[in-house]
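Close look at the chain arrangement
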Amino acid sequence: MAKLFFDYGAMDSGKTTYIIQTHYNYRQKGMNPAIVKPATDLKAGNRIRSRIGLEAEVDFLVTPDDDVYQLLREVETRFNVVLVDEAQFLTRAQVDQLFELVTLDSIPVMCFGLRTDFTGNPFPGSQRLLELAHEIRERKTICRCGAKATMNARKVNGVFITEGGQVAIDGIDAEYESLCGKCFMKYVGSIAALAR
């Protein structure tokens, strides 16, 4: 049975690297994987790029208005798997459409993204994936103190910030640092205060 997977993790947990590796593995076996990326993610253009320098071409760059189910069904070649990078930027409707692709067409879909933004609040795409995914897996990375990082802190000009829109693209509008909860509160502030 095909499944909808959601792999989440803080920045630097290797999500994009894993997509590129998985894409390579499917291609090596003579299969047809598809890489999908929301157009909201401006870095690397129509490619995905890991922090360690690996890259892959994106097959479908989707806007918030795109029907992902129809987009993937209208191509001539059937995909063996769909790999979605930066899945937090999908709309709730697009996650529903991916669920339909898995359920109705038996195509596995593996989504990778952040669970929460720089204030600890969920992204709409991630929240819907947490509700619908058949399998949820955490990808781990470490904080500057050595503990497991679970938070994504935003910096502008090297200074942690707590205000701004939910979306600011890493390396273009801001930079991010993965922190554990304790370091997040030490350097950024209280989650309760950010939620107000």
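This text goes with the structure placed above it.
Because the structure is a prediction, the values reported are computed rather than measured. Here the residue index of a chain counts from 1 through its sequence in written order. pLDDT decides what is reported in this predicted model: residues at 70 or higher carry local features, side-chain atom pairs at 80 or more are listed and counted, and totals for whole chains, interfaces and linings draw on all residues regardless. Computation of side-chain values covers all heavy atoms of the structure but excludes hydrogens and water.

**Let's talk about the sheet that holds strand E11 (residues 175-179)**
For sheets, the rule is that strands pair by backbone hydrogen bonds, running either parallel or antiparallel. For clarity, the threshold we go by: At least two DSSP bridges between two strands are needed for those strands to be called paired. Every helix listed is a DSSP run of H or I at least four residues long, and every strand listed is a run of E at least two residues long, numbered separately from the N terminus. Geometry is summarised by axes, namely lines fitted to C-alpha atoms with helices restricted to the contacting stretch, and by angles between N-to-C directions that run from 0 to 180 degrees.
Read across the open sheet, the 3 strands follow the order E10-E9-E11; overall the sheet is antiparallel. Both outer strands of the open sheet, strand E10 (159-161) and E11, are each paired with one neighbouring strand and no more. Across the sheet, the mean angle separating the axes of adjacent strands is 50° when strand polarity is ignored. Bridge count between strand E9 (residues 151-156) and E11: 5 bridges; the pairing is antiparallel. From the neighbouring strand, Ala 153 faces E11, where its bridge partner is Glu 177.

**A look at the pattern of salt bridges**
So the rule is basically this: For salt bridges, the criterion is a side-chain nitrogen of Lys or Arg within 4 Å of an Asp or Glu carboxyl oxygen. When a residue's accessible area, from a 1.4 Å probe over protein chains only, is under 20% of the maximum for its type it is buried; when over 50% it is exposed; and in between it is partly exposed.
Overall, the coordinates contain 15 salt bridges when judged by the stated rule. Between Arg 49 and Glu 55 there is a salt bridge whose closest N-O contact spans 2.7 Å. Assessed through its relative accessible area of 41%, Arg 49 is described here as partly exposed. The exposure class assigned to Glu 55 is partly exposed, which follows from its relative accessible area of 34%. Note that Arg 128 and Glu 131 form a salt bridge whose closest N and O atoms lie 2.8 Å from each other. Linking Arg 128 with Glu 131, this pair stays in helix H4 (residues 124-132), spanning 3 residues, or about one helical turn. Overall, Glu 131 belongs to the partly exposed group, its relative accessible area being 42%. Salt bridges here are not isolated pairs; linked through shared partners, they connect Lys 3, Asp 7, Glu 135, Arg 137 and Arg 139.

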